[in-house]
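Commentary on secondary and tertiary structure
Below, each chain spelled out in residue letters.
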Amino acid sequence: MDAATLLSRFPATQDLAGKDMPTFRVAGADLLAAVRFLRDEQGFDLLADLCGAEWPDRPTRFGVVLHLLSTAGKEYVRLHVDAVDDRVPSVAALHPGANWHEREAFDMFGIVFEGHPDPRRILMWDGYPFHPLRKDFPLAGIEVPLPAADVAAVTGQTVEPAPMMGGPFVSPGGKLSEGEPSALDQSWTEQHPKA
Amino acid sequence: MVKSDFGYNSKVEGEVIVTRADAVVNWVRSHSVWPMPMGLACCAIELMASGGSRFDISRFGMEVMRFSPRQADCMIVAGTVTYKMAEVVRRIYDQMAEPKWVVAMGACASTGGMYRSYATLQGVDNIVPVDVYISGCPPRPEALLDGMMLLQEKIRNEGGSLRRTFRGRTVETKIVS
């Protein structure tokens, strides 16, 4: 891993001194060129992972983290990209495996990948109004209509919130032990309805 | 007389069994349940094991798994039903011909199980009527077999099996003699 060349060729790049693997913060404008440099000149030929992330206290709230693996050199490199205005260039043209990862990051966080060949949701249905892994999305969910209007008309069912409190794994009247699982977010439960 | 009883009168000559149409219909239905495996998660693995030789669901007359809803009369919902999948489950149920039954196999299909979240339907009984619930995560094949035998017992004791209510209206089966 030639960090010096990466830093000199892309001056906006920042070395984050990763403890487990070389880690860099790359500017969104440099991302495609940096991934291409790592793939073609440094041998990082496998995109091991691409995921969205949210840092609520940073100026750019969303970001994308890429893990690249060199199958010949047997080493990883991690790239952080801040999603300025929730937008990040798509690397699907360089690593086809990024296609579904980027669709998932879009689905869960609302990060728009510019130049993505198929920018649809992948887990939730088309037309779902929220991005559920955002930190302001309640764990229990938000009530919306079922995706199929005819099924909803017959059954009267909606996508209903399912708060953990009062759920099958929570004992009534407080926890029985420290090991009992419960949701950290108890701000919106049956006992404390949303204001 | 219990609904499922048969009467054999040795004083009547020949091989004659006196019974009621309901009992015969129920007996036939209960011993030729054609399940439709609605396998959605890990419960489907146990469902497959039930069909294998070790547990052998065919001992109870329901080994004819049909993947087409038109040829099945018992939907075994085996696994987590997400809201995205809920409409598919309901559509397939609507395509099955009457009479039909639904078995909710496992915690997820019965109540949503451990998936208490924005994405998971909290019990398949919210969208289709369920006849038998089977506990377990996933249930062992023995539990599935026990649930299916419970369903057979339920079918055997159904009253007025020639006349069933379906979505508020009465469906009558006519016997032509």
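Going by the structure above, here's the rest.
Residues numbered from 1 in each chain as written. Chains lettered and ligands numbered in written order. Predicted model: local features only at pLDDT ≥ 70, side-chain atom pairs only at ≥ 80, totals over all residues.

If you look at the interface, chain A gives 17 residues, while chain B gives 14 residues. Of the residues assigned to the side of chain A that touches chain B, the class counts are 13 nonpolar, four polar and no charged. (Contact = placed C-beta atoms within 7 Å. Nonpolar A, V, L, I, M, F, W, Y, C, P; charged D, E, K, R; others polar.)

So, on to helix α3 (residues 98-109) of chain A. All names here are of chain A. Between its first and last C-alpha atoms α3 spans 16 Å; for twelve residues at 1.5 Å apiece the expected length is 16 Å, and the two agree. For α3, a buried count of nine out of twelve residues is recorded, marking the element as mostly surrounded by other parts of the structure. Looking at α3, one finds that the buried residues are Ala98, Asn99, His101, Glu102, Ala105, Phe106, Asp107, Met108 and Phe109. Tucked inside the fold, the buried residues of α3 contact β3 (46-54), β4 (62-70) and β7 (112-114). Taken from the residues just after α3, Gly110 is the one with a positive phi, measuring 80°. (Helix = DSSP H or I, 4+ residues; strand = E, 2+ residues; numbered from the N terminus. Expected span 1.5 Å × (residues − 1). Buried ≥ 20, exposed ≤ 12 C-beta atoms within 10 Å, placed from the backbone.)

Residues and elements named next belong to chain A. Along the chain, Ser177 turns up in the segment after β9 (158-159). You can call Ser177 exposed: it has 6 C-beta atoms within 10 Å. Counting along the chain gives 101 residues from Ser177 to Tyr76, while the straight-line C-alpha distance between them is 41 Å.

Residue and element names in this part refer to chain A. Two strands pair when backbone bridges link them, and β3 and β4 are joined in this way by eight bridges, in the antiparallel orientation. When the bridges of β4 are listed, Leu46 appears paired with Leu69. Summarising the sheet, β4 and strand β5 (residues 75-82) pair through eight bridges and their orientation is antiparallel. By the bridge assignment, His67 is partnered in β5 with Arg78. Taking the residues between adjacent antiparallel strands as the criterion, β4 and β5 are bridged by four residues, where Lys74 takes a positive phi near 55°. (Pairing = 2+ DSSP bridges.)

The next point concerns the sheet that holds strand β4 (residues 74-78) of chain B. Residues and elements named next belong to chain B. Here we have four strands laid out as an open sheet, ordered β3-β4-β5-β6, and parallel in their pairing. The sheet is open, and its two edges are formed by β3 (35-39) and β6 (132-134), each paired on a single side. Going from strand to strand, the sheet's axes swing by 20° on average, the running direction of each strand aside. Judged from the five bridges that link them, β4 and strand β5 (residues 101-105) form a sheet pairing that is parallel. Within β5, the position partnered with Ala78 by the bridge is Met105. Across the sheet, helix α5 (residues 141-156) lies against β4, β5 and β6, angled at about 170° from β6, the strand it touches most. (Axes fitted to C-alpha atoms, helices over the stretch in contact; angles between N-to-C directions.)

Let's shift gears to unusual backbone geometry. Omega for the bond connecting Glu98 of chain B with Pro99 of chain B falls within 30 degrees of zero, at -5°, which places this linkage in the cis form. Secondary-structure assignment places Pro99 of chain B in the loop between α3 (83-95) and β5. Cis geometry is found at the peptide bond from Cys137 of chain B to Pro138 of chain B, where omega equals -10°. Secondary-structure assignment places Pro138 of chain B in the loop between β6 and α5. Of note, the phi angle at Lys74 of chain A is positive, near 55°, even though the residue is not glycine. Mapped onto the elements, Lys74 of chain A comes out in the loop between β4 and β5. Look at Lys74 of chain A and you get exposed, because 8 C-beta atoms sit within 10 Å. Even without a glycine there, the phi angle at Asp85 of chain A is positive, about 55°. With respect to the helices, strands and loops of the structure, Asp85 of chain A is situated in the loop between β5 and β6 (87-89).

Just distances and angles here, no functional claims.
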